[in-house]
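Listed here are the chains, written in short residue letters.
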Amino acid sequence: PFKVRDCRSNPDDARDCVVGRCNSGGCPTVRTRHGVVGTRCNARGECQETTPGPHKGAHVFYSVTATDHKLERGPGGRFEPIAAGLAGSPSSNFVYVNPPSAALEPVEYADAGDQIYVVPNPATRLALRDWQLDPNNEDPTGVKVEFHRLPRARGKISVFSLAGDLIVELPFDARDGLGSRSWDLVTRNGQEITSGVYLYVVEADDFERVVNKFVVIR
């Protein structure tokens with residue numbers, strides 16, 4: 001972090017610093033050779049670089065590393081950096097992140113039909129490629145679609161074929177404010193679904209159900 005303004009000198013600014021709203025008061029963006037980097041004010045009253053926010057539902061892998069410099073004594077006896085030194089390995093601390101969408105609040109329920117959505121839609125091979133992970137015991141296909149902006153309640157998503165056959169039921173609990181639910185495109189009978197148009201019904205406590213559709217092209 002680099003010091004731009006000591007937000008601790010003013011109680012109001014200090015409160016803004018804690019919640020990261022100091023950009024408007026003294027934390028400018030920083031231009032680097034890789035592009036423009038945003039900043040925010042941290043709890044210590046310092047402007048600190050931030051990474052771009054990840055897309056909701058996308059697979060994101062974070063790795064934090066540290067590096068130092070080789071130093072050499074220069075004129076006047078001061079040590080100056082002359083080259084890169086030791087560095088940590090990015091592969092040593094990968095963290096997988098799948099940021100959820102915010103749940104739909106009760107005051108927004110009237111617009112639920114426009115707010116709840118599926119991604120990717122249509123779910124084509126190309127679109128699913130960005131969502132694919134290596135298959136494992138918990139995720140036998142490695143692919144998924146996600147339902148976003150689910151109501152802040154406990155409920156379920158029912159997926160049907162156009163003929164009305166029940167494909168799968170997906171329970172969810174978004175009372176903690178996290179409104180996403182993933183599906184691996186496997187039916188309740190353990191089979192991968194085929195190409196087609198599918199209906200989904202979202203039902204929850206104290207919530208008028210929403211019916212919508214999405215397309216899968218395998």
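Residues numbered from 1 in each chain as written. Predicted model: local features only at pLDDT ≥ 70, side-chain atom pairs only at ≥ 80, totals over all residues. Heavy atoms only, no water.

Is there a simple way to think about the sheet that holds strand β13 (residues 181–183) in this case?
As a general point, the strands of a sheet are linked pairwise by backbone hydrogen bonds and lie either parallel or antiparallel. Judged by pairing direction, the sheet is antiparallel, and its 3 strands sit side by side in the order β9-β10-β13 without closing on themselves. The open sheet is flanked by β9 (117–119) and β13, the only strands paired with a single partner. On average, each strand axis in the sheet is tilted by 25° relative to the strand beside it, whichever way the strands run. Pairing of β9 with strand β10 (residues 145–148) involves 3 bridges; the strand directions are antiparallel. Bridged to Val118 within β10 is Phe147. (Pairing = 2+ DSSP bridges. Helix = DSSP H or I, 4+ residues; strand = E, 2+ residues; numbered from the N terminus. Axes fitted to C-alpha atoms, helices over the stretch in contact; angles between N-to-C directions.)

Where do I start with the packing of aromatic side chains in this structure?
Ring pairs (aromatic) are described by centroid distance and by the angle formed between their planes. Under the counting rule described, the total for this entry stands at 6 aromatic pairs. Measuring from ring centre to ring centre gives 5.2 Å for Phe147 and Tyr200, while their planes differ by 65°; the resulting arrangement is edge-to-face. Of this pair, Phe147 sits in strand β10 while Tyr200 sits in strand β14 (residues 196–204), and the two are 53 residues apart along the sequence. Like Tyr200, Phe147 is buried. Taking 6.0 Å as the distance between ring centres and 25° as the angle between the ring planes, the aromatic pair formed by Tyr198 and Phe214 counts as stacked. With a gap of 16 residues between them, Tyr198 in strand β14 and Phe214 in strand β15 (residues 207–216) connect regions that are remote in the sequence. Both residues of the pair, Tyr198 and Phe214, belong to the buried class. (Phe/Tyr/Trp six-rings, centres within 6.5 Å; stacked < 30°, edge-to-face > 60°. Buried < 20%, exposed > 50% of the residue type's maximum accessible area, 1.4 Å probe, protein only.)

Would you mind showing me how to read the side chain of Ser161 here?
When you line up the elements, Ser161 lands in strand β11 (residues 154–161). Assessed through its relative accessible area of 15%, Ser161 is described here as buried. Setting aside chain neighbours within four positions, we find Ser161 in contact with Ile167 and Tyr198. (Contact = heavy atoms within 4.5 Å.)

Just to check I follow, could you spell out the side chain of Thr187 for this structure?
Turning to its location among the elements, Thr187 is positioned in the loop between β13 and β14. Every residue in contact with Thr187, bar those within four places of it in the chain, is listed here: Ile167 and Ile193.

Please explain unusual backbone geometry as it appears in this structure.
Excluding glycine, residues mostly carry a negative phi; peptide bonds, for their part, are mostly trans. Omega for the bond connecting Val119 with Pro120 falls within 30 degrees of zero, at -10°, which places this linkage in the cis form. Tracing the chain through its elements places Pro120 in the loop between β9 and α4 (125–129). Cis peptide bonds are those with omega within 30 degrees of zero, and the linkage from Asn121 to Pro122 qualifies with 5°. When you line up the elements, Pro122 lands in the loop between β9 and α4. Look at Arg149: it is not a glycine, yet its phi comes out positive at around 60°. Judged by relative accessible area, which is 15%, Arg149 ranks as buried. Despite not being glycine, Asp206 has its phi angle at roughly 55°, a positive value. Looking at the secondary structure, you find Asp206 in the loop between β14 and β15.

What is the right way to read the sheet that holds β14 from this model?
Here we have 4 strands laid out as an open sheet, ordered β12-β11-β14-β15, and antiparallel in their pairing. Two strands lie at the open edges of the sheet, namely β12 (166–173) and β15, each paired on one side alone. The average undirected angle you get between the axes of adjacent strands in this sheet is 20°. As paired strands, β11 and β12 are joined by 7 bridges and run antiparallel to one another.

How should I be thinking about the nonpolar core in this particular structure?
The nonpolar side chains of soluble globular proteins are, as a tendency, buried together. Phe147, Val159 and Trp183 are the most contacted members of the largest nonpolar core, which has 31 residues in total. Within the residue set of this core, elements represented by two or more residues are β10, β11, β12, β14 and β15. In contact with Trp183, not counting residues within four places along its chain, are Val143, Lys144, Val145, Phe147, Val159, Ile167, Val168, Leu170, Ile193 and Phe214. (Core = buried A, V, L, I, M, F, W, Y, C linked by side-chain atoms within 4.5 Å.)

In short, the description is geometric, and any link to function would need to be established separately.
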